[in-house]
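# Structural overview for review
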Amino acid sequence: MKKVRYIYFLIAAICTVFFLSSCASSNGLGSTKVNMTVSQLASNFKLTRNPLNNFSGTNRGLVVKVKTTNLQSEGFTADLTGSSIFTPHIVSYVRNMGMTEQNTTTDYVLIVTQEKITIDTWSGGNQVNITVNLTDNNGESLFTQRISQDGKNALNLYNGLCESFTLALEQVNWQEIASYLRKPSKDARDEPDVEVRGNGNTALEQTIVRWDVQSRPQGADLFWRVVSKTPEVKNTNNKYLMTTPYEATKSLDIKGLTYQTAGDVRIILRCEKNGYMPQEKEFNVRMVLDQEEISAFFRLVKEEEE
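Quick notes on the rules
Residues numbered from 1 in each chain as written. Predicted model: local features only at pLDDT ≥ 70, side-chain atom pairs only at ≥ 80, totals over all residues. Heavy atoms only, no water. Salt bridge = Lys/Arg side-chain N within 4 Å of Asp/Glu carboxyl O. Helix = DSSP H or I, 4+ residues; strand = E, 2+ residues; numbered from the N terminus. Buried < 20%, exposed > 50% of the residue type's maximum accessible area, 1.4 Å probe, protein only. Pairing = 2+ DSSP bridges. Axes fitted to C-alpha atoms, helices over the stretch in contact; angles between N-to-C directions. Contact = heavy atoms within 4.5 Å. pLDDT = per-residue confidence, 0-100. Arc of directions from axis to C-beta.

### Examining the pattern of salt bridges
Summed over the entire model, instances satisfying the criterion amount to 10 salt bridges. Between Glu 195 and Arg 197 there is a salt bridge; the shortest N-O distance is 3.1 Å. Here Glu 280 ties to Arg 225 by a salt bridge, and the two come within 3.0 Å at their closest N and O atoms. Residue Glu 280 is located in strand S12 (residues 279-284), and its partner Arg 225 is located in strand S8 (residues 221-228); the two are separated by 55 residues in the primary sequence. Judged by relative accessible area, which is 39%, Glu 280 ranks as partly exposed. A single network of salt bridges, built from pairs that share partners, joins Arg 225, Arg 270, Glu 272 and Glu 280.

What follows is the structure, given as structure tokens:
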């Protein structure tokens, strides 16, 4: 009787091993251990769609660099984070949007870091995490964005990764990046008496200003208005921007403004939050145009209870 039980147990164990081996083979790589090589994936990998945008009108060039980390594979996970096979596809994707290299001394640099690129060979899922960082020609960071794309239960390991990587690139805010590459064809100081009419064809209207407004606590309502001492520029009421923190890059659309009169025009930022006293900060428009930046921090003070 004991021999019979032993035989049944042995048969069951053999069947279990055979079943697990079959399941591992069905995932597309044919082994419980990762045996996919980088060269095999390189011959299959491609982006599934062309870029959705085109920014061929940029005046500043862009250098694209891709950073990788160490490549490691363990168990059922193929870790391709350190692989260079994605580099030509990333560079080609950016170039197809019209952002090309122009001048080595003035071009900006886009650094794409492969934070995590993995394939689960058991479930067929994948993970694509990348970070994009735009720096100017002096190495100062202008824009950073982190992208995480999770491809679950992909029917085909290769196609699943191709789709996830394409989706990750489509999530990048290319509009924001392109805005930094559009510098005015002329300096506003070369057109001191040219008024802003709203047509977008003056150097002033093409001057991009970076807004960075923070508050503590966050979540305060932010407004801005124009106060002018020159008759060509009218005063305005408060215009709502959004809640803090507020970060944006845009031109100053102030009709009637010229570079010559910008010193007589101010921008007033107002920060409001329930339970706190409102605060205001002012900026001379001439200085804003020269620095191409509006940066402010509001440390809000609670209202005194009666």
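### Side note on the sheet that holds strand S11 (residues 265-272)
One open sheet holds the four strands; their spatial order is S9-S8-S11-S12, and the pairing between them is antiparallel. Edge positions in the open sheet fall to strand S9 (239-243) and S12, since each of these has one partner strand only. Each strand axis lies, on average, 25 degrees off the axis of its neighbour in the sheet, ignoring direction. Pairing of S11 with S12, which is carried by six bridges, proceeds in the antiparallel orientation. Its bridge partner lying in S12, Arg 266 is registered against Asn 284.

### Description of the environment of Asn 53
In this fold, Asn 53 is placed in the loop between helix H2 (38-42) and strand S1 (62-67). Distance from Asn 53 to Met 97, taken between C-alpha atoms, is 6.0 Å for residues 44 residues apart in sequence. Non-local contacts of Asn 53, meaning those with residues more than four positions away in its chain, are made with Met 97 and Gln 175.

### Describing the confidence of the model for the protein
Confidence in the prediction of the protein, expressed as mean pLDDT, is 83, and 81% of residues score 70 or more. Note on residues 12-37: pLDDT under 50 across the span, and 28 contacts to partners over four residues away in sequence or across chains.

### Regarding helix H3 (residues 87-95)
Those residues of H3 lying buried are Ile 90, Tyr 93 and Val 94. Across the axial projection of H3, the buried residues extend over an arc of 95 degrees, all falling on one side.

### Brief notes about the pairing of strand S4 (residues 108-120)
When a strand is regular, its side chains alternate between the sheet's two faces. Across the 13 residues of S4, 10 count as buried, placing the element largely inside the fold. Bridge count between S1 and S4: six bridges; the pairing is parallel. Paired with Val 64 across the two strands is Leu 110, which belongs to S4. The sheet contact formed by strand S3 (residues 77-79) and S4 spans three bridges and is antiparallel. Pairing of Asp 79 across the sheet is with Thr 118, part of S4. Sheet analysis places S4 next to strand S5 (residues 126-135), joined by 10 bridges and oriented antiparallel. Bridging across to S5, Thr 113 finds its partner in Thr 131.

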